[in-house]
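# Observations on the model geometry
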Amino acid sequence: MPWELPYARDKEVAALRRRLERLEIELAKARKVIEVQGNVSALLEELLESKNIPTRMGSEGKLTVRVDQCWRPGSVRSMP
């Protein structure tokens, strides 16, 4: 029937708008995660530099740390 076509179109438009809204929320969350990861990375790099711990960029562009020079027995203090 002719009246079904506008109804089907409106229904599809509404579904696409809901999907767009969900994807925009997901994108905002992903952007926030990326921002937080960047901040954590910068803080970690700053901490490592202040402790003179050797680091280098790995083949995948990731910061790598010499673990044997990061931790030494007795260097970790227990919490009170």
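Residues numbered from 1 in each chain as written. Predicted model: local features only at pLDDT ≥ 70, side-chain atom pairs only at ≥ 80, totals over all residues. Heavy atoms only, no water.

### So, the overall build of the protein chain
Cut-off, in case you're wondering: Helix and strand definitions here come from DSSP, where helices need a minimum of 4 consecutive H or I residues and strands a minimum of 2 consecutive E residues; each element is numbered from the N-terminal end. Relative accessible area decides the class of each residue, using a 1.4 Å probe on protein chains only: under 20% of the type maximum gives buried, over 50% gives exposed, and in between gives partly exposed. Computed with a 1.4 Å probe, the accessible areas rest on the Shrake-Rupley method; for each residue, only the protein chains presented here act as cover.
Helix and strand counts for the protein chain stand at two helices and two strands. If you list the helices and strands of the protein chain from N to C, you get α-β-β-α. Out of the 80 residues in the protein chain, the part that is buried amounts to 4%. About 7900 Å² of surface is accessible on the protein chain, with carbon and sulfur atoms providing 59% of the total.

### Observations concerning the confidence of the model for the protein chain
Residues shown with low pLDDT carry predicted positions that ought not to be read at fine detail. What counts here: The quantity known as pLDDT measures the predictor's confidence residue by residue, on a range of 0 to 100. A contact between two residues is defined here by any heavy atoms of the two lying within 4.5 Å.
Here the protein chain averages 78 in pLDDT, and 61% of its residues register 70 or above. Looking across the protein chain, the model is least confident in helix H2 (residues 67-70), with a mean pLDDT of 51, and most confident in helix H1 (residues 4-50), with 92. Considering only residues more than four positions removed or in separate chains, one finds that residues 76-80, a stretch of pLDDT under 50, has one contact.

### A few points about the pattern of salt bridges
The following threshold applies: What counts as a salt bridge is simple: a side-chain nitrogen of Lys or Arg found within 4 Å of a carboxyl oxygen of Asp or Glu.
Using the criterion set out here, one finds one salt bridge in the structure. Glu 35 serves as the salt-bridge partner of Lys 32, at 3.7 Å between the closest nitrogen and oxygen. A residue pair is termed a helical-turn pair when its members lie 3 or 4 positions apart in one helix, as Lys 32 and Glu 35 do in helix H1 at three residues. By relative accessible area, Glu 35 is classed as partly exposed at 42%.

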